[in-house]
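Chain by chain, the residues:
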Amino acid sequence: MTLTPKNIYMIIVLAGTILLIGDHLTSPALTAVGSPSELGNACAPCGAPCIDTDTK
Amino acid sequence: MSETLSPPASPAHTSAGRAFEASSFIFFALIALSLAGLVWLDTGWRGIVLFGLGGILGAVFLSFQYGFASVWRRALVGGEVMGLAAHFLLIGLCAIVFIPASLWGLNAVGTVAPVSVSLFIGAFMFGIGMQLANGCGSGVLFSFGGGSGRMVIALPFFILGSLLGSFLLPTALEWGSAGPIAIAGSLAELPKTALNLALIGGAGIGFYLLGRRRRQHLPAALIIASIVIAVLCWAVFALSGHPWGVTFGFTLWGAKIAQDLGVPVESFTFWQWSGPARSLQHSLLSDTSSLMNIGMVLGAGILASISGHLTRQNWPSGRQLVAAVLGGLLMGIGARLSFGCNIGAFLGGIASGSLHGWVWFVLAMAGSFAGIQLRPKFGLSK
């Protein structure tokens, strides 16, 4: 297989997928998908803290 | 609307091109099915639907070429403001559901982030970055999925910048903040929604009337795209419990990779806050933003495979790739300091009635103006 930009792109996507599956298999999984804002101390799903209350 | 993808070229439908399309379709479909299986096993139907919504958003953004960077550039350079009117149409439609969520019976809340010094700096940086990289948070994702060589470079640096931004944010927040401010936050749901819709409608109608005065036309495709994306955003909001966000997923990807390389990410303040700490400890497929980002790349990739987009991609010049590196870094750091990108801060913030969304819009627009002045240095048109 020649290393054209298209093939390099596919290799990058494949490498990302392998890393992702590796992370999934080695990390504890949750039974519900979620985001930082659901834990109470973040005001936004990006993890922005409610700094007028508590940031820790 | 976006210039992140190359125009169609004839070699796409040679026999080699068709073979590449078929093999890439199978490649993306197999990845999507494998990941969908893992998501189903752990997070059930909710995870699968959010993953699917990410995929549909990726395909919709790619097919309509719905972007922010090029629209803002056209508004600032050529005075073409109809694209901005379409953006405010999208935001207004989202606000109808986001602000009075409880009245719709939804167990969901909007994005109300702090109005801080870091917001001003971060949004300005993001604006510069999105003009250098030729795409914003969603634009980088769907264009990456569509095989854009520029975004193959911009995305890793967006991830790196986002990680660096997470290290900087706790310090940056000490530079000053007025805290999260909801517009008309003391009012009941209906008057609060009405006031915010008046502001959003005022901006949208203002841009529309300005465009009409300049003899510009609002394309039907742009209106349809805004409505379709708004419906998808409603679904994400109802299912995930918050507005759609993109960049936290990038930050998490960067943190996970850095951890694998031996960086003690968990010792940094941002990653000790309970929300990010929880995300860092668990699978990337357990985080809504990360899960939807992956879906968006795959959705755009599958559509690009069957539509010939992948075979038409060209590799940008060296100077343009340098711009992609800088743009990715600036967007990454900027997104973390300013609590999101065009999706999480501009769309999600304003549609949630948060003042930070409006501040983000003004500062990112100013940053875009600065970024446009830098584009010719990297061989990019203004």
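Cut-off values and rules
Residues numbered from 1 in each chain as written. Chains lettered and ligands numbered in written order. Predicted model: local features only at pLDDT ≥ 70, side-chain atom pairs only at ≥ 80, totals over all residues. Heavy atoms only, no water. Helix = DSSP H or I, 4+ residues; strand = E, 2+ residues; numbered from the N terminus. Buried < 20%, exposed > 50% of the residue type's maximum accessible area, 1.4 Å probe, protein only. Areas by Shrake-Rupley, 256 points an atom, 1.4 Å probe, with all protein chains shown as cover. Rg over C-alpha atoms; globule rule 2.2 N^0.38 Å. Contact = heavy atoms within 4.5 Å. Buried area = accessible area lost by both parts, 1.4 Å probe. Salt bridge = Lys/Arg side-chain N within 4 Å of Asp/Glu carboxyl O. Polar contact = N/O pair within 3.5 Å; in protein donor to acceptor, adjacent residues only side chain to side chain. Nonpolar A, V, L, I, M, F, W, Y, C, P; charged D, E, K, R; others polar. Axes fitted to C-alpha atoms, helices over the stretch in contact; angles between N-to-C directions. Parallel < 35°, antiparallel > 145°, perpendicular 65-115°, else oblique. Left-handed = near helix turned anticlockwise from the far one by under 90°. Core = buried A, V, L, I, M, F, W, Y, C linked by side-chain atoms within 4.5 Å. Patch = residues over 30% accessible without salt bridge, like charges linked within 9 Å, V, L, I, M, F, W, Y side chains within 5 Å. pLDDT = per-residue confidence, 0-100.

## Here we look at the overall build of chain A
1) Next: A count of helices and strands for chain A gives one helix and zero strands.
2) Next: Each of the 56 residues in chain A was classed as buried or not, and the buried ones make up 45%.
3) Next: Here chain A has roughly 2900 Å² of accessible surface; of this, 67% comes from carbon and sulfur atoms.

## Digging into the overall build of chain B
1) Next: Counting secondary structure elements, chain B contains 14 helices and two strands.
2) Next: The C-alpha atoms of chain B give a radius of gyration of 20 Å, which matches the 21 Å a tight globule of 382 residues would have.
3) Next: C-alpha extents for chain B along the principal axes are approximately 65 × 55 × 40 Å.
4) Next: Across the 382 residues of chain B, 62% fall into the buried class.

## A closer look at the interface of chain B and chain A
1) Next: Of the residues lining the interface, 54 residues belong to chain B; the matching set on chain A comes to 37 residues.
2) Next: For the pairing of chain B and chain A, the buried interface totals around 4000 Å² over both sides, and the portion due to carbon and sulfur atoms is 71%.
3) Next: When the buried surface of chain B facing chain A is broken down by residue, Asp42(B), Trp273(B) and Arg278(B) rank first, second and third, together holding 14% of it.
4) Next: Counting every contact that joins chain B to chain A gives one salt bridge.
5) Next: The salt bridge partner of Lys256(B) is Asp23(A), with a shortest N-O separation of 3.0 Å.
6) Next: In this assembly, chain B and chain A are joined by nine residue pairs in polar contact (both at pLDDT 80 or more).
7) Next: Secondary structure elements with two or more residues in the side of chain B that touches chain A: helix 1 (15-64), helix 5 (137-145), helix 6 (149-173), strand 2 (177-180), helix 9 (247-260), helix 10 (274-281) and helix 11 (288-307) of chain B.
8) Next: Examining the composition of the side of chain B that touches chain A, we find that twelve residues originate from one element, helix 1 of chain B, more than from any other.
9) Next: Its residues assigned to classes, the side of chain B that touches chain A comprises 26 nonpolar, 22 polar and six charged.

## Quick look at helix 5 of chain B
1) Next: Where burial is concerned, most of helix 5 of chain B is hidden: nine out of the nine residues are buried.
2) Next: Just downstream of helix 5 of chain B lies Gly147(B), where phi reads positive at about 90°.

## Details of unusual backbone geometry
Residue and element names in this part refer to chain B.
1) Next: In this structure, Arg-215 takes a positive phi of about 60° despite not being glycine.
2) Next: Residue class for Arg-215 comes out exposed when judged on its relative accessible area of 79%.
3) Next: Despite not being glycine, Phe-339 shows a phi value in the positive range, around 65°.

## Observations concerning the packing of helix 1 of chain B against helix 11 of chain B
All names here are of chain B.
1) Next: Following both chains from N to C, one finds helix 1 and helix 11 inclined at 150°, their axes separated by 2 Å at the closest point. Comparing their axes, helix 11 and helix 1 come out roughly antiparallel. Crossing hand, helix 1 versus helix 11: left-handed.
2) Next: Taken together, the residues of the contact of helix 1 with helix 11 sort by class into 23 nonpolar, eleven polar and one charged.

## Examining helix 2 (residues 69-78) of chain B
Residues and elements named next belong to chain B.
1) Next: Here helix 2 has its buried residues at Ala-69, Ser-70, Val-71, Trp-72, Arg-73 and Ala-75.
2) Next: On its buried face, helix 2 is in contact with helix 3 (82-98), helix 4 (117-133), helix 13 (342-351) and helix 14 (355-374).
3) Next: Remark: Gly-79 follows helix 2 within two positions and exhibits a positive phi of approximately 70°.

## Things to note about the nonpolar core
Where a protein is soluble and globular, its nonpolar side chains tend to be buried together.
Residue and element names in this part refer to chain B.
1) Next: Grouped together as the largest cluster of nonpolar side chains are 123 residues, with contacts concentrated most on Phe-61, Trp-72 and Trp-244.
2) Next: It is helix 1 that contributes the most residues to this core, 16 residues altogether.
3) Next: Grouped together as the second largest cluster of nonpolar side chains are five residues, Ile-128, Leu-132, Ala-323 and Phe-378 included.

## Re a nonpolar patch on the surface
Residue and element names in this part refer to chain A.
1) Next: Together, Leu-3, Ile-8, Ile-11 and Ile-12 make up an exposed nonpolar region whose accessible area comes to about 340 Å².
2) Next: In this fold, Ile-11 is placed in helix 1 (residues 5-26).
3) Next: On the accessibility criterion, Ile-11 (41% relative accessible area) is partly exposed.

## Section: the confidence of the model for chain A
1) Next: Within chain A, residue pLDDT values average 75, and 64% of them lie at 70 or more.
2) Next: In the predicted structure, residues 52-56 of chain A sits below a pLDDT of 50 and forms eight contacts with residues beyond four places in sequence or in another chain.

## Description of the environment of Pro264(B)
Residue and element names in this part refer to chain B.
1) Next: Note on placement: Pro-264 falls in the loop between helix 9 and helix 10.
2) Next: What makes Pro-264 partly exposed here is its relative accessible area of 42%.
3) Next: Between the alpha carbons of Pro-264 and Ala-86 there is a distance of 44 Å; along the sequence they are 178 residues apart.

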